[in-house]
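Structural description and commentary
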Amino acid sequence: MTDRVLMPAPPTDSFERKIDYLRLSVTDRCNLRCTYCMPEDGLPKLDHRDILRYEEFLTLAEIVTGMGISKIRITGGEPLVRKNILTLCKNISQLPGLKSLSITTNGVLLSQFAQGLLETGIKRINISLDTLKREKFAALTRQDLFPQVWEGIQTAFTAGLSPIKLNTVVLRGTNDDEIEDLARLTFRYPFHVRFIEFMPFQQRDYDRQFVPAAEILQRLKRVAPLARSDKDESNGPALYYRYESAPGRIGIISPVSGHFCPACNRLRITADGKLRTCLFSRDETDLRQALRQGASQDRIEEIIRFAITLKPEKHELNSHIFRKCISRPMFSIGG
Ligand code: 5AD
Ligand code: SF4
């Protein structure tokens, strides 16, 4: 990652938001089957011809970093199941203009990949962790892999990946009784433990499972007094808190009850090369087609810039109509 003085300023959208962050989903495959994300036998997967090739991901990364988009996060599905993921990370991290490369993983393969990730230039890592209990983990993800994930987290920590952010989706009746225990990890480790409101992606029984951020906060205050804390430098959507004397941080992300849209700085590209300017919008721009029809890099940049001008101002997550119209499940958008 080079800090070039001459890189262009990032593009802005129609609401004067600076767009400097891309989430790049490199696969729609996953080695877990979280009940809230996937049906047990999985969902129809993309044909592998429809998934972008390695060089195509790299070309897109090169185009966006050339536009001043300086932060990229690699997501999935589960990105560590993608072949040659470390080489892809390494090549992306060497692009001029890239200031930060990070990854979001479920941790299953982390003990074998942590050191390699660090060597590609990645430091920042988000790990999804909804429970600290082995049986519950097995029920929730349909795989008995909690020990492996916990070992992965420890390996990442020892290897020096930092910050380590643990992301917990809070589900009433499933893991809301563990909010306090997960938060207590911040006394032992410098991790950022972040609680995420459950978002409505075609789940049955959504309303019963949803726990609002205000309630999460109340529970967190039962552990010890909580003070507001600064965000870290990544302009993310979490509100940060800390317990006095704890090395770690607590984050609360409220996509449903709160509004982080005014601060949204991100774009997404799905594994099949669709550009999405909003997680919650159905609009997609087909970059794969442009790439495969031989469009020049300048032309693709133009297409991306145009899509940015159409980025919606905010989502309608609470509207009834909206709940019916989410087009893709999370594993295929990349979180
Ligand atoms: N609401 C909130 N987060 C979700 N994730 C998947 N589905 C949902 C949902 N409905 C999270 C996963 C993981 C990331 C990829 O997205 O738990 O942390
Ligand atoms: Fe679970 Fe994430 Fe995999 Fe979905 S993509 S099954 S939430 S680990």
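Residues numbered from 1 in each chain as written. Chains lettered and ligands numbered in written order. Predicted model: local features only at pLDDT ≥ 70, side-chain atom pairs only at ≥ 80, totals over all residues. Heavy atoms only, no water.

What follows concerns the packing of helix α1 (residues 54-66) against helix α10 (residues 297-309). At a minimum axis distance of 10 Å, the contact between α1 and α10 shows a crossing angle of 70 degrees. Relative to α10, the element α1 lies roughly perpendicular. Pair α1 / α10 crosses with right-handed handedness. Contact residues: α1 offers Thr59, Leu60, Glu62, Ile63 and Val64, while α10 offers Gln297, Ile300, Glu301 and Ile304. (Axes fitted to C-alpha atoms, helices over the stretch in contact; angles between N-to-C directions. Helix = DSSP H or I, 4+ residues; strand = E, 2+ residues; numbered from the N terminus. Parallel < 35°, antiparallel > 145°, perpendicular 65-115°, else oblique. Left-handed = near helix turned anticlockwise from the far one by under 90°. Contact = heavy atoms within 4.5 Å.)

What follows deals with the site of ligand 1. Around ligand 1, the structure places nine residues, and the nearest of them are Tyr36, Ser128, Val169, Met199 and Met330. Within the side chain of Tyr36, an N or O atom sits 2.7 Å from an oxygen atom of ligand 1. In the environment of ligand 1, an oxygen atom lies 2.8 Å from a nitrogen or oxygen atom belonging to the side chain of Ser128. Considering ligand 1 on its own, with 400 Å² of exposed area, one finds that the protein chains cover 87% of that surface. Of the residues contributing to the shell around ligand 1, the split by class is six nonpolar, two polar and one charged. (Near = heavy atom within 4 Å. Polar contact = N/O pair within 3.5 Å; in protein donor to acceptor, adjacent residues only side chain to side chain. Areas by Shrake-Rupley, 256 points an atom, 1.4 Å probe, with all protein chains shown as cover. Nonpolar A, V, L, I, M, F, W, Y, C, P; charged D, E, K, R; others polar.)

Another point: the packing of aromatic side chains. If you walk through the whole model with that rule in mind, you get ten aromatic pairs. Between the aromatic rings of Phe187 and Tyr243, the centroid separation amounts to 5.2 Å while the plane-to-plane angle is 15 degrees, which identifies the pairing as stacked. Here Phe187, found in helix α6 (residues 179-188), pairs with Tyr243, found in strand β8 (residues 239-243); they are 56 residues apart in sequence, far enough to count as distant. Under the relative-accessibility criterion, Phe187 is labelled partly exposed at 35%. Assessed through its relative accessible area of 0%, Tyr243 is described here as buried. What links up through ring pairs into an aromatic cluster is the set Phe137, Phe146, Trp150, Phe157, Tyr189 and Phe191. Lying over the aromatic face of Tyr241, Arg228 brings its terminal NZ or CZ to 5.3 Å of the ring centre. (Phe/Tyr/Trp six-rings, centres within 6.5 Å; stacked < 30°, edge-to-face > 60°. Buried < 20%, exposed > 50% of the residue type's maximum accessible area, 1.4 Å probe, protein only. Lys NZ or Arg CZ within 6 Å of the ring centre and 35° of its normal.)

With that settled, the discussion passes to unusual backbone geometry. For the bond running from Gly76 to Gly77, omega is 10 degrees, close enough to zero to count as cis. For Gly77, the position within the fold is in the loop between β2 (71-75) and α2 (85-93). Of note, the amide linkage connecting Ser162 to Pro163 takes the cis form, showing an omega dihedral of -5 degrees. In this model, Glu16 sits at a positive phi of 60 degrees, which is unusual for a non-glycine residue. Tracing the chain through its elements places Glu16 in the segment before β1 (21-25). A residue is classified by how much of its surface remains accessible, and Glu16, at 73% relative accessible area, is exposed. In this structure, Ser245 takes a positive phi of about 75 degrees despite not being glycine.

Nothing here speaks to function; it is all geometry.
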